[in-house]
Amino acid sequence: MTDLEYIAQAVDAATVRTLLPHRPRVLALGEPTHGEDVLLDLRNDLFRQLVEQDGYRTIAIESDCLAGLVVDDHVTSGTGTLDEVMERGFSHGFGASAANRELVRWMRVYNEGRPAAEQVRFAGFDGPLEITGGASPRLVLTALHGCLAARVDAGMLPCTAETLERLIGPDDRWTESAAMMDPSRSVGRTPGAERLRLLADDLVALLDGQAPHLASASEDWHRARLYGRTATGLLRYHSWMADTSPARITRLLDLRASMMAANLLALAERGPVLAYAHNSHLQRDKSSMRMGGGPLEWWSAGAIVEAHLGRDYAFLATALGTIRHQGVDTPPPDTLEGLLYALPKDRHLLDARRLATALADRPPAARVSPWFGYAPLDPAHLTRVDGLAFVKDGHGS
């Protein structure tokens, strides 16, 4: 048996427990690419075990936090059909995944007949953002205002609902896709948008100040806080969409990561969380990409969460051998993926730090992907990873 075969273990909850000194508040599992159901099948298998055996009660994925409320309502109370939920409850096209559909179906079955305290909840932890820009703040601002208007004296509100509607205006001003590449097309720094940022801040401050009164309505309170985080985050994002400085894109990436982290931290306040997203969003190291000819770097959501939670944050990365339908063939044998590809089984979970030690005398080369949609794992990150899941071959969705 080789050193790597000795380190490689089954991908299951029992192995996870051997890798971690205690159950973390947030246990994150990353993926190196989107759209591969073989990776999501691994996630489903592992998360089911961790829910059933280790008491995790929230599953959060890289999807719109507002759309995720549709899924949560379905899995906890049966609201809507599975077809409706898959169409409306996911962003980034993730609702088309058969594995995501199976996750939602299983969660609903698991929760059937269980008291609320024992149910597993669903959450999206991304902002309502797509690569072309951000959503209109209408939904979250009006929802937050409505939550407060129903519970506090009207004189305490910073504005009326009509004022919000007037300042927001047509939604297509906010969702203008050309604004991602042309700041002049963004509405984010108009006088109305700047006024909305102040009002959003006042509404969130009022919500916080009324915590002793409002927190007794637990679910409404948590949703109102989500609306507040999302409203202020969206308006910051739109403001930086209108910026013309060289820092513009980096700040947008940073703001998205901050919104993700804030959502994960809020979920962790309610109990232990299983999180799933791209490795780059969950890693402890800085994330990076090239855009417009230059490198961009920002702290990932995982790094931000760990700064708050310390040892109560754990990260399992995933590496993948091939994605042949995307031109990613058998990895070179001197790369990390190549070394793992030579192992006999299709799935493995390895202690990443022991793996780094085993490879210290022969550091693997960094793999270069021929396809932009797949990010090989940087071998230099191994010492900052709690566990490494490896899947031999992707098959497409």
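We now turn to the structure provided with this report. (Residues numbered from 1 in each chain as written. Predicted model: local features only at pLDDT ≥ 70, side-chain atom pairs only at ≥ 80, totals over all residues. Heavy atoms only, no water.)

1. A few points about the side chain of Ser136
This is how the line gets drawn: Helix numbers and strand numbers start at the N terminus; a helix is a DSSP run of H or I with at least 4 residues, a strand a run of E with at least 2. The cut-offs for exposure are 20% and 50% of the maximum accessible area for each residue type, with area from a 1.4 Å probe on protein chains only; residues under the lower value are buried, those over the upper are exposed, and the others partly exposed. What qualifies as a polar contact is a pair of N or O atoms within 3.5 Å, subject to a donor-acceptor requirement within protein and to the restriction that residues adjacent in sequence count only when both atoms come from side chains. Residues count as neighbours in contact if any of their non-hydrogen atoms are within 4.5 Å of one another.
Tracing the backbone shows Ser136 in the loop between strand E5 (133-134) and helix H7 (138-149). Given a relative accessible area of 11%, Ser136 falls into the buried group. Of note is the side chain of Ser136, whose polar atom sits 3.1 Å from the backbone nitrogen of Arg138. Here the side chain of Ser136 touches Asp171 through a polar contact of 2.7 Å, side chain to side chain. Ignoring anything within four residues of it in the chain, the contact list for Ser136 reads Ile168, Asp171, Trp174, Thr175 and Leu234.

2. Some points on the pattern of salt bridges
Put simply, the rule is: A pairing counts as a salt bridge when a side-chain nitrogen of Lys or Arg comes within 4 Å of a carboxyl oxygen of Asp or Glu.
Taken as a whole, this structure holds 26 salt bridges when the rule is applied. One salt bridge connects Arg284 with Glu306, and the closest N-O pair in it is separated by 2.5 Å. Of this pair, Arg284 sits in the loop between helix H13 (279-282) and strand E7 (286-291) while Glu306 sits in helix H14 (residues 301-309); the two residues are 22 residues apart in sequence, bridging distant segments of the chain. Residue Arg284 is classed as buried on the basis of its relative accessible area of 5%. When its relative accessible area of 19% is taken as the criterion, Glu306 is described as buried. A salt bridge links Arg284 to Asp386; its shortest N-O distance comes to 2.7 Å. One end of the pair, Arg284, is in the loop between H13 and E7; the other, Asp386, is in the loop between helix H16 (352-358) and strand E11 (387-393), and 102 residues separate them in sequence. Residues Arg284 and Asp386 agree in their burial class; the two are buried. Counted as one network, the salt bridges with shared partners bring together Asp72, Asp73, Arg121, Glu219, Arg223 and Arg270.

3. Section: the nonpolar core
The nonpolar side chains of a soluble globular protein tend to be buried, and buried together. The condition is simple: By convention a nonpolar core is built from buried Ala, Val, Leu, Ile, Met, Phe, Trp, Tyr and Cys residues, the set being connected through side-chain atoms within 4.5 Å.
Leu27, Leu50 and Ile59 are the most contacted members of the largest nonpolar core, which totals 46 residues. In terms of residues, this core owes the most to one element, helix H3 (residues 37-54), which gives 8 residues. If we skip the residues at most four places from it in the chain, Leu50 touches Ala13, Val16, Leu27, Gly55, Tyr56 and Leu274. With 42 residues, the next largest nonpolar core counts Leu141, Leu148, Leu206 and Leu234 among its residues.

4. Points about the state of the cysteines
Between two cysteines, a covalent bond joining their sulfur atoms is known as a disulfide. This is how the line gets drawn: For this text, the term disulfide refers to a pair of cysteine sulfurs within 2.5 Å.
Applying the stated criterion across every chain yields a total of 0 disulfides. Its sulfur unpaired, Cys147 is 14 Å from the next cysteine sulfur, which belongs to Cys159. Judged by its relative accessible area of 9%, Cys159 falls in the buried class.

5. Structural notes on the layout of surface pockets
Operational definition: Using protein atoms alone on a 1 Å grid, points that fit a 1.4 Å probe yet trap it form a cavity, whereas open point sets bounded by protein on both sides within 12 Å along at least five of seven lines form a pocket; residues with an atom within 4 Å of a point count as lining. Grid points are joined across faces, edges and corners, and a volume is the space filled by probe spheres set on the points. Residues are grouped as follows: Ala, Val, Leu, Ile, Met, Phe, Trp, Tyr, Cys and Pro are nonpolar; Asp, Glu, Lys and Arg are charged; every other residue, Gly included, is polar.
Each pocket or cavity is described by its volume, and for the largest pocket that value is around 1,600 Å³. Of all the elements in the fold, those that place two or more residues in the lining of the largest pocket are strand E4 (129-130), helix H12 (248-270), H13, E7 and strand E8 (294-299). Residue composition of the lining of the largest pocket, by class: 24 nonpolar, 16 polar and 8 charged. What the second largest pocket holds in volume is close to 420 Å³. Lining the second largest pocket are 24 residues, with Thr58, Arg121, Glu219, Leu267 and Arg270 sitting closest to its centre.

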